[in-house]
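So the chains spell out like this:
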Amino acid sequence: MKVSVWYNNEDIRIEEVPRPKPGDKEMLIKVISCGICGSDIVEWYRQPRAPLVQGHEIGAEVVEVGRAVSAYKPGDRVFVAPKVPCMQCAYCKNGQYPVCSNVKERLPGGFSEYVLVPQALVENGTYRLPDSISYDQSTFIEPLACVVRAQQLAGVHSNQTVMVLGSGMSGLLHVKLAKTKPCRVIATDINPKKLAFAGNMGADITLDAAENVAAPVVAENNHRADVVFLCTSAMSAIDQAWNCVDKGGVIVFFAVPHPDEKVTIPINHFWTREIRIITSYYCGPPDIEAAINLIETQAIEVDDLITRQIPLQDIADGFRMVMEGQETLKVIIKPQH
Ligand SMILES: [Zn+2]
Ligand SMILES: [Zn+2]
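Residues numbered from 1 in each chain as written. Chains lettered and ligands numbered in written order. Predicted model: local features only at pLDDT ≥ 70, side-chain atom pairs only at ≥ 80, totals over all residues.

1. Structural notes on the sheet that holds strand S12 (residues 245-253)
Spatially, the six strands line up as an open sheet ordered S10-S9-S8-S11-S12-S13, and their pairing is parallel. The sheet is open, and its two edges are formed by strand S10 (205-208) and strand S13 (276-279), each paired on a single side. Pairwise comparison of adjacent strand axes, ignoring direction, gives a mean angle of 20° for this sheet. Bridge analysis of strand S9 (residues 184-189) against S10 gives four bridges, and the strand direction is parallel. Its bridge partner lying in S10, Ile 186 is registered against Ile 205. On top of the sheet, helix H6 (residues 169-180) reaches strand S8 (161-165), S9 and strand S11 (225-230); it is set at about 170° to S9, its chief contact. (Pairing = 2+ DSSP bridges. Helix = DSSP H or I, 4+ residues; strand = E, 2+ residues; numbered from the N terminus. Axes fitted to C-alpha atoms, helices over the stretch in contact; angles between N-to-C directions. Contact = placed C-beta atoms within 7 Å.)

Next up, the structure:
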């Protein structure tokens, strides 16, 4: 079978490897759709595990199950999480699934014709797709689940003003989810095309991130933002977050700058205004269930976020499109094409 092996963003190779045979408690799935995530192109984050097969936004069909697997059968349509928390440790019991100390197995990457699902993920990381969710739509389950978790950690609720800095894929999912609460949403980007997307997808105010964004936030909104989501690694956006958050508000680092960058927090200014700064990383099982439900009920539409579907052999082009990011939102790899 063909797999795409990522060495770095400029060196992605299609390699031939034997198609794995599932053990008794494993299963083999055929990848129908796998999204390229913004985090897949972040070299400092991915390089330590390279060369690797990437791809964690997988919609697949079960093709073969081990003798001891009874929950699934060939033909089942599934989403499989890239890893599962243990649900037993103190972190899991506290709902802090992404920091679970006992994550043992990872799903091999989905930029591949087939994927062998390890036992832990067969048992606790596989979700049957409702008939109404297409394979392409299922690639949004994981990214939306991360957005669900971030908005929950930030305590986003109706009638708040939510500001989204960076209107790429994850920023736009934040816009869409905040609108379901409903919140008043302000979105920024330096790219006018992405700002237009944000407007079309429900943002009430869109602002050019190259300008001073704090002044119009106050002018058009009467007060600053209750919650600010940083959905870009740009350092300039961090200063904007400091300036745009209201008293008692929350700033969420959903994306982070390069590890060599140093972030300076105006902590004395924030102290007297009770501003919280939090991070949000990945998602947990309840967030995945919530994301499936949001897509199934069409509370969140995702079709308008799909820019391109491309075959596995052209994956390097797909990575290039996501890196350039000019007009690209979600690129979906179709390994069976
Ligand atoms: Zn992702
Ligand atoms: Zn745990």
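Picking up where we left off.
2. Some points on the domain arrangement of the protein chain
Splitting the protein chain by domain gives domain 1 (2-144 + 283-334) and domain 2 (155-279). For domain 1 versus domain 2, the separation of C-alpha centres amounts to 28 Å. The interface of domain 1 with domain 2 comprises 13 residues on the first partner and 14 residues on the second. In the side of domain 1 that touches domain 2, the residues fall into seven nonpolar, three polar and three charged. (Domains from an automatic or database assignment. Nonpolar A, V, L, I, M, F, W, Y, C, P; charged D, E, K, R; others polar.)

3. Description of the environment of Thr 126
One can find Thr 126 in strand S7 (residues 126-128). Assessed through the 22 C-beta atoms surrounding it within 10 Å, Thr 126 is described here as buried. (Buried ≥ 20, exposed ≤ 12 C-beta atoms within 10 Å, placed from the backbone.)

4. Points about the nonpolar core
Judged by nonpolar contacts, the single largest core of 97 residues is most densely connected at Ile 29, Leu 144, Val 228, Leu 230 and Val 252. With seven residues, helix H5 (residues 141-153) is the largest single contributor of residues to this core. When residues of this core are assigned to domains, at least three fall in each of domain 1 (2-144 + 283-334) and domain 2 (155-279). Not counting the four nearest positions on each side in its chain, Leu 230 is found in contact with Leu 165, Gly 166, Ala 237, Ile 238, Ala 241, Ile 251, Val 252, Phe 253, Phe 254 and Ala 255. (Core = buried A, V, L, I, M, F, W, Y, C linked by C-beta atoms within 7 Å.)

5. A look at the pairing of S12
Most of S12 sits out of view: seven of its nine residues are buried. In the sheet, S11 pairs with S12 via five bridges, with the strands oriented parallel. Opposite Ala 225, over in S12, you have Val 245 as the bridge partner. Tracing the backbone out of S11, into helix H9 (residues 235-244) and back to the parallel element S12 gives a crossover that is right-handed. (Right-handed = clockwise from strand over helix to strand, strands pointing away.)

6. A word on H9
Given 3.6 residues per helical turn, the α-helix brings residues three or four places apart onto the same face. Every buried residue of H9 is listed here: Ala 237, Ile 238, Gln 240, Ala 241 and Cys 244. Within H9, the buried residues cover an arc of 160° as seen down the axis, which keeps them to one side. Looking at H9, the residues exposed on the side facing more than 90 degrees away from the buried face are Met 235 and Ser 236. Turning to H9, the residues buried within the fold contact S8, helix H8 (214-221), S11 and S12. (Arc of directions from axis to C-beta.)

7. Re the packing of H5 against H6
For any two helices packed against each other, the geometry comes down to the angle between their axes and how far apart the axes lie. In contact at an axis separation of 10 Å, H5 and H6 are set at 60° when each is read in the N-to-C sense. It follows that H5 is oblique to H6 by the angle criterion. In terms of crossing hand, the pair formed by H5 and H6 is right-handed. Across the interface between the two elements, Pro 143, Leu 144, Val 147, Val 148 and Gln 151 from H5 touch Met 169, Ser 170, Leu 173, His 174, Leu 177 and Ala 178 from H6. (Parallel < 35°, antiparallel > 145°, perpendicular 65-115°, else oblique. Left-handed = near helix turned anticlockwise from the far one by under 90°.)

8. Describing the environment of Pro 108
The topology assignment puts Pro 108 in the loop between helix H2 (90-93) and strand S6 (114-117). Classification of Pro 108 as partly exposed rests on a count of 18 C-beta atoms within 10 Å. Pro 108 sits 54 residues away from Gln 54 along the chain, and the two C-alpha atoms are 7.7 Å apart. The residues contacting Pro 108, other than those within four sequence positions of it, are Val 53, Val 115 and Leu 116.

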